[in-house]
Amino acid sequence: MSAYSSDQGLNVSDATGTGVEVDVATNLLNGTVRLSVLWTDEIYLRPDDAEHVAHALLRAADHGRRIAQQRSSGPDSSTAASQ
């Protein structure tokens, strides 16, 4: 099972038709955000798709902040800090 949760609303692929895709995911354990370009090292986006990726990153950042806050204010955080 992966610790990452992908943005299911993001469906963006390369503007040149190569099948390259973008994935934005949040790590459910620590709140970090992963931006993946699948199948290659680069991708060319149409302006609307670039905007979709930007919004997905903003959603993931917000989700990641909530996860990180919960971890730092959770019941285990005081125990971990004292060790």
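Structure shown above.
Just so you know, these numbers come straight off a predicted model, no measurement behind them.

(A) A look at the overall build of the protein chain. Secondary structure assignment for the protein chain yields 2 helices and 3 strands. Start at the N end of the protein chain and walk to the C end: the helices and strands fall as β-β-β-α-α. For the protein chain, the residues scored as buried account for 24% of the 83 residues in total. In the protein chain, the share of contacts with a sequence separation of at least 24, taken over all contacts with a separation of at least 6, comes to 48%. For the protein chain, the computed accessible surface area is about 5,900 Å², with 51% contributed by carbon and sulfur atoms.

(B) Broad picture of the sheet that holds strand E1 (residues 4–6). Ordered in space as E1-E2-E3, the 3 strands form an open sheet in which the pairing is antiparallel. The open sheet terminates on both sides in strands that have one partner only, identified here as E1 and strand E3 (33–38). Pairwise comparison of adjacent strand axes, ignoring direction, gives a mean angle of 35° for this sheet. Sheet analysis places strand E2 (residues 21–27) next to E3, joined by 6 bridges and oriented antiparallel. Residue pairing across strands places Val22 opposite Val37, the latter belonging to E3. Contacting E2 and E3, helix H1 (residues 47–73) runs over the sheet at an angle of about 15° to E2.

(C) The pattern of salt bridges, seen in detail. Within the structure shown, the criterion is met by 4 salt bridges. The shortest N-O distance in the salt bridge between Arg59 and Asp7 comes to 2.7 Å. Here Asp7 lies in the loop between E1 and E2 and Arg59 lies in helix H1, a separation of 52 residues in the sequence. We classify Asp7 as buried; its relative accessible area is 16%. Between Arg46 and Asp49 there is a salt bridge, with its nearest N and O atoms 3.6 Å apart. For Asp49, a relative accessible area of 14% corresponds to the buried category.

(D) Just H1, in detail. Here H1 contains 27 residues, and its C-alpha end-to-end distance of 39 Å stays within 8% of the 39 Å for a straight helix at 1.5 Å per residue. Of the residues making up H1, those classed as buried are Asp49, Val53, Ala56, Ala60, Gly64 and Ile67. Here the buried face of H1 lies against E2 and E3.

Parameters and conventions
- Residues numbered from 1 in each chain as written.
- Predicted model: local features only at pLDDT ≥ 70, side-chain atom pairs only at ≥ 80, totals over all residues.
- Heavy atoms only, no water.
- Helix = DSSP H or I, 4+ residues; strand = E, 2+ residues; numbered from the N terminus.
- Buried < 20%, exposed > 50% of the residue type's maximum accessible area, 1.4 Å probe, protein only.
- Contact = heavy atoms within 4.5 Å.
- Areas by Shrake-Rupley, 256 points an atom, 1.4 Å probe, with all protein chains shown as cover.
- Pairing = 2+ DSSP bridges.
- Axes fitted to C-alpha atoms, helices over the stretch in contact; angles between N-to-C directions.
- Salt bridge = Lys/Arg side-chain N within 4 Å of Asp/Glu carboxyl O.
- Expected span 1.5 Å × (residues − 1).

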